[in-house]
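Chain by chain, the residues:
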Amino acid sequence: MKVTVVGAGAVGATCADNIARAALCQELVLLDIKEGLAEGKAQDMMQTAALLGFDTRIVGSTNDYAKTAGSDVVVITSGLPRKPGMTREELIGTNAGIVKGVAENILKHSPDAIIIVISNPMDTMTYLTLTATGLPKNRIIGMGGTLDSARFKYQLSQHLGCSAGDLNALVIGGHGDTTMIPLIRFATWNSVPVTEYLSADQQKQIVADTMVGGATLTKLIGTSAWYAPGAAGAALVKSIVRDEKKLFTCCVSLDGEYGQKDICLGVPVVIGKNGWEKIIDFSLNDEEQTLFNKSADAVRSMNDVLKTL
Ligand SMILES: NC(=O)c1ccc[n+]([C@@H]2O[C@H](COP(=O)([O-])OP(=O)(O)OC[C@H]3O[C@@H](n4cnc5c(N)ncnc54)[C@H](O)[C@@H]3O)[C@@H](O)[C@H]2O)c1
Ligand SMILES: O=C(O)C[C@H](O)C(=O)O
């Protein structure tokens, strides 16, 4: 197996590090436009191999896409992160050009790859990657809901005083401060609904804190987060290369599911060797469906901005 991570910044390097530590592929290419950055980080990571005991060969590249040729999975993390006070959507002007160029270069050298898009605004960058490459929809996966669901479990675990690993919880919709939808009604603690244990106020607080999870970290750190985003990207890579068929919320192209079409948005999907293999379409109540439709409207208006760039 060969995996490429484009963008050797905070998220890309963390994602690559997680992929290497778990020995998810024989060859891992880290590519960045900044001279020497990817080569340096690749060498640094390779120097952990003797300490951590993995055999993945990590190759760094300054914009030489020939090195990425024949990748089975490509993770796109290239682009600007937001600064405190900004929304993810404000990154569209710069990141659309970067993501489009990267996707076209990847396609030339790895026409069979499954592409995971992480760059923000992620829902729109996923839609752009799908339309720019023309690849089958199952091979384009946006990573956002996977991270947001992990943050939702973190918030729940803090209130319940329990292991995050004992929780099942999904965030669907867009990957934006106001567009994501933490589905607390469906969240369980080892099969028992968490709503049994949490007051209405606690539930509201958990949902609100989950929605601004990325903004909260951006304010604290001064740039956006990378540990959980990198780990979330690697979890998707693992489910693909090991054909685990795990269920994650990912941003995928909808064709009528959840009442939406011609849009990429976060819904629960099965991830395996063919990319996203199945959308799990379950019934939302009126309130949840209204939120989902509003989320779709907001993402669609960002997709329209692409036409003006
Ligand atoms: N979807 C998510 O859940 C999620 C989570 C975290 C971050 N992000 C997004 O991921 C992106 C990266 O974040 P980061 O913190 O790693 O930023 P960063 O600045 O640390 O790294 C970005 C890297 O991209 C590189 N780059 C820029 N243009 C390039 C090009 N044309 N080709 C190759 N490389 C290029 C830069 O040189 C830089 O090293 C941002 O857009 C951020 O908003 C998304
Ligand atoms: O918050 C951001 O801008 C980065 C990312 O989307 C995140 O949720 O951590």
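These figures come from a predicted structure and were not determined experimentally. (Residues numbered from 1 in each chain as written. Chains lettered and ligands numbered in written order. Predicted model: local features only at pLDDT ≥ 70, side-chain atom pairs only at ≥ 80, totals over all residues. Heavy atoms only, no water.)

Novice: Honestly, the packing of aromatic side chains in this entry has me stumped. Any pointers?
Specialist: Each aromatic ring pair is characterised by the separation of its centres together with the angle its planes make. In this structure the tally under the stated criterion is five aromatic pairs. Taking 5.3 Å as the distance between ring centres and 70 degrees as the angle between the ring planes, the aromatic pair formed by Trp189 and Tyr197 counts as edge-to-face. Judged by relative accessible area, Trp189 falls into the partly exposed class, the value being 25%. On the basis of relative accessible area, Tyr197 is assigned to the partly exposed category, the value being 44%. (Phe/Tyr/Trp six-rings, centres within 6.5 Å; stacked < 30°, edge-to-face > 60°. Buried < 20%, exposed > 50% of the residue type's maximum accessible area, 1.4 Å probe, protein only.)

Novice: Just checking my understanding: could you explain the site of ligand 2 for this structure?
Specialist: With respect to spatial proximity, the complete set of residues near ligand 2 consists of Arg82, Arg88, Asn120, Leu147, Arg151, His175, Gly214, Thr218 and Ser224. Contact distances for ligand 2 include 2.7 Å between an oxygen atom and a side-chain N or O atom of Arg88. One of the side-chain N or O atoms of Arg151 is found 2.7 Å from an oxygen atom in ligand 2. Considering ligand 2 on its own, with 260 Å² of exposed area, one finds that the protein chains cover 94% of that surface. With respect to the pocket detection grid, ligand 2 is positioned in the largest pocket. Of all elements in the fold, only helix 6 (145–160) and helix 8 (213–221) reach the threshold of two or more residues within the shell around ligand 2. Among the residues forming the shell around ligand 2, the class breakdown is one nonpolar, five polar and three charged. (Near = heavy atom within 4 Å. Polar contact = N/O pair within 3.5 Å; in protein donor to acceptor, adjacent residues only side chain to side chain. Areas by Shrake-Rupley, 256 points an atom, 1.4 Å probe, with all protein chains shown as cover. 1 Å grid on protein atoms, 1.4 Å probe; cavity = no way out; pocket = protein on both sides within 12 Å on 5 of 7 lines; lining within 4 Å. Sits in = over half its atoms within 2 Å of the grid points. Helix = DSSP H or I, 4+ residues; strand = E, 2+ residues; numbered from the N terminus. Nonpolar A, V, L, I, M, F, W, Y, C, P; charged D, E, K, R; others polar.)

Novice: Would you mind showing me how to read the pattern of salt bridges here?
Specialist: Side chains bearing opposite charge may pair, as long as their charged atoms lie close to each other. Going through the model one piece at a time under the given rule, you end up with 14 salt bridges. As a salt-bridge pair, Asp64 and Lys67 come within 3.9 Å of each other at their nearest N and O atoms. Its relative accessible area of 37% is what places Lys67 among the partly exposed residues. Lys100 serves as the salt-bridge partner of Glu104, at 3.1 Å between the closest nitrogen and oxygen. Here Lys100 and Glu104 lie together in helix 4 (residues 92–109), a separation of four residues that amounts to about one turn. What makes Glu104 partly exposed here is its relative accessible area of 32%. Using a relative accessible area of 37% as the deciding quantity, one classes Lys100 as partly exposed. One network of salt bridges, in which partners are shared, links Asp243, Lys245, Lys273 and Glu277. (Salt bridge = Lys/Arg side-chain N within 4 Å of Asp/Glu carboxyl O.)

Novice: How should I be thinking about the site of ligand 1 in this particular structure?
Specialist: Surveying the vicinity of ligand 1 reveals 27 residues, the closest of which are Val11, Asp32, Leu80, Ile118 and Met143. Backbone polar atom of Val11 to an oxygen atom of ligand 1: 2.8 Å apart, as the coordinates give it. Within the contact set of ligand 1, an oxygen atom lies 3.3 Å away from a side-chain nitrogen or oxygen of Asn95. Computed on the free molecule, ligand 1 has an accessible area of 860 Å², of which 87% lies beneath the protein chains in the complex. Structurally, ligand 1 is housed in the largest pocket.

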